[in-house]
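A look at the structure
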Amino acid sequence: MPFEIPSDLHPDLLPYAWLVGQWQGSGHGDYPSIEKFSFGQEVAFAHDGRPFLHYFSRTWLVDDEGNTLRPAALETGFLRARPDSECELVLAHPTGFAEVWYGQVDGAKIELTTDVIARTQSAKEVTAGSRLYGLVDGDLMWAYDMAAEGHPLQPLLCGRLVRETPAAGAAHPGPHPSADPAAPPDPAPPPDPAPPPIPGAHPRISYSTFGSKCADREQRGGDANLSPPRRVRAPRGSDNFARRSVPRLRCCGEQS
């Protein structure tokens, strides 16, 4: 789905403009201490004019037909733009973790690694992580590697999401209810100009970039290829997500 860079986006966030909006899709996970699983996911990257993006993600486990089984991981935080294409990510999880990540944006790709992982007494031991986000043929693809409970850093999750936010300035799908049916139709508007290019963008990332992140999973019998995202059935109440997580935040961090 095409998108336009918000006119009030902070200049420092221009390299991250391709993230802004709402996304939905699916993914899969595997790790030595757990069974393979599939999940649906909704993600939002929002801004309020300052040099950071508010990030929110929720997932739910699904069966082979895409039916919801139960809620899964939640996470929220802030992606902070820094000079020289560097960035910081602060994340919090309901499983008892808070993390500080450092990384770099390179065109339509972001790579991040953990610097600090704080956990509560009841949380499991996680010692390191790495994340990769990229725009591939208009889809948001991501991969997460984790070192936990004595296991070395290795693939845990991969996902592929499609943009759900309509293009800015999209035309109304039909005539306005108050329009005079006898009046001649308005002339067709000129086509919208092409959106400005993403600063620093390079040739798009290939699927193999993400497939290699899951190579170990293939050796263990998993599927390392990310197929087009399925239309998994979102849990009840997902319509509220679209209203809560919009790509524009109110002041003081409150969402409309």
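It should be emphasised that the depicted structure is a prediction, and the values quoted were computed from it without experimental measurement. (Residues numbered from 1 in each chain as written. Predicted model: local features only at pLDDT ≥ 70, side-chain atom pairs only at ≥ 80, totals over all residues. Heavy atoms only, no water.)

We now examine the pairing of strand 10 (residues 154–163). Within strand 10, 10 of the 10 residues are buried, which leaves it mostly tucked inside the rest of the structure. Relative to strand 10, strand 1 (residues 21–31) is paired through 7 bridges, and the arrangement is antiparallel. Opposite His-28, over in strand 10, you have Cys-158 as the bridge partner. The pairing of strand 9 (residues 139–148) with strand 10 spans 7 bridges and is classified as antiparallel. (Buried < 20%, exposed > 50% of the residue type's maximum accessible area, 1.4 Å probe, protein only. Helix = DSSP H or I, 4+ residues; strand = E, 2+ residues; numbered from the N terminus. Pairing = 2+ DSSP bridges.)

With that out of the way, let us pick up the nonpolar core. Membership of the largest hydrophobic core comes to 39 residues, with the highest contact counts inside it found for Tyr-16, Trp-18, Leu-19, Phe-45, Leu-53, Leu-79 and Ile-110. Ignoring any residue separated from it by four or fewer positions in sequence, one finds Tyr-16 in contact with Leu-53, Leu-79, Ala-81, Ser-85, Glu-86, Cys-87, Val-105 and Ile-110. (Core = buried A, V, L, I, M, F, W, Y, C linked by side-chain atoms within 4.5 Å. Contact = heavy atoms within 4.5 Å.)

Before going further, it helps to examine unusual backbone geometry. You will see that Ser-85, though not glycine, has its phi angle at about 65 degrees, which is positive. Structurally, Ser-85 is set in the loop between strand 4 (68–81) and strand 5 (86–93). With a relative accessible area of 37%, Ser-85 lands in the partly exposed category. Look at Asp-137: it is not a glycine, yet its phi comes out positive at around 50 degrees. With respect to the helices and strands, the residue Asp-137 is situated in the loop between strand 8 (126–136) and strand 9. On the basis of relative accessibility, which here comes to 43%, the residue Asp-137 falls in the partly exposed class.

All chains considered together, the criterion is met by 5 aromatic pairs. Between Phe-45 and Tyr-55 the ring centres are 5.1 Å apart and the planes differ by 35 degrees, which places this aromatic pair in the tilted class. With Phe-45 in strand 2 (residues 34–46) and Tyr-55 in strand 3 (residues 52–62), the pair connects residues that are 10 residues apart, well separated along the chain. The buried category is assigned to Phe-45, whose relative accessible area is 4%. Judged by its relative accessible area of 5%, Tyr-55 falls in the buried class. The positively charged end of Arg-131 is found above the aromatic ring belonging to Tyr-144, 4.8 Å away from the centroid. (Phe/Tyr/Trp six-rings, centres within 6.5 Å; stacked < 30°, edge-to-face > 60°. Lys NZ or Arg CZ within 6 Å of the ring centre and 35° of its normal.)

Before going further, it helps to spend a moment on the side chain of Glu-42. Mapped onto the elements of the fold, Glu-42 is located in strand 2. Polar contacts involving the side chain of Glu-42 include one to the side chain of Arg-58, which spans 2.9 Å. (Polar contact = N/O pair within 3.5 Å; in protein donor to acceptor, adjacent residues only side chain to side chain.)

Moving on: the pairing of strand 5. Two faces belong to every sheet, and in a regular strand the side chains alternate between them. Both strand 4 and strand 5 contribute to a ladder of 6 bridges, which runs antiparallel. Each bridged residue has a counterpart across the sheet, and for Gly-77 the counterpart in strand 5 is Leu-91. Counting the residues in the hairpin turn of strand 4 and strand 5 gives 4 residues, including Asp-84, whose phi is positive at 60 degrees. Here strand 5 pairs with strand 6 (residues 97–105) via 8 bridges, running antiparallel. The residue bridging His-93 from the neighbouring strand is Phe-97, located in strand 6. Remark: 3 residues form the turn of the hairpin made by strand 5 and strand 6, two consecutive strands paired antiparallel; Gly-96 in that turn has positive phi of roughly 100 degrees.

So, about the sheet that holds strand 8. The sheet built from 10 strands closes into a barrel, its strands ordered 1-2-3-4-5-6-7-8-9-10 with antiparallel pairing. The average angle at which neighbouring strand axes cross in this sheet is 25 degrees, direction not considered. (Axes fitted to C-alpha atoms, helices over the stretch in contact; angles between N-to-C directions.)

Time to look at the confidence of the model for the protein. For any part of a model where pLDDT is low, the fine detail of the predicted coordinates should not be relied upon. Scored by pLDDT, the protein comes out at a mean of 77, with 63% of its residues at no less than 70. Segment residues 214–225 is flagged for pLDDT under 50; beyond a separation of four residues in sequence, or across chains, it makes 24 contacts in the model. Note on residues 238–256: pLDDT under 50 across the span, and 42 contacts to partners over four residues away in sequence or across chains. (pLDDT = per-residue confidence, 0-100.)

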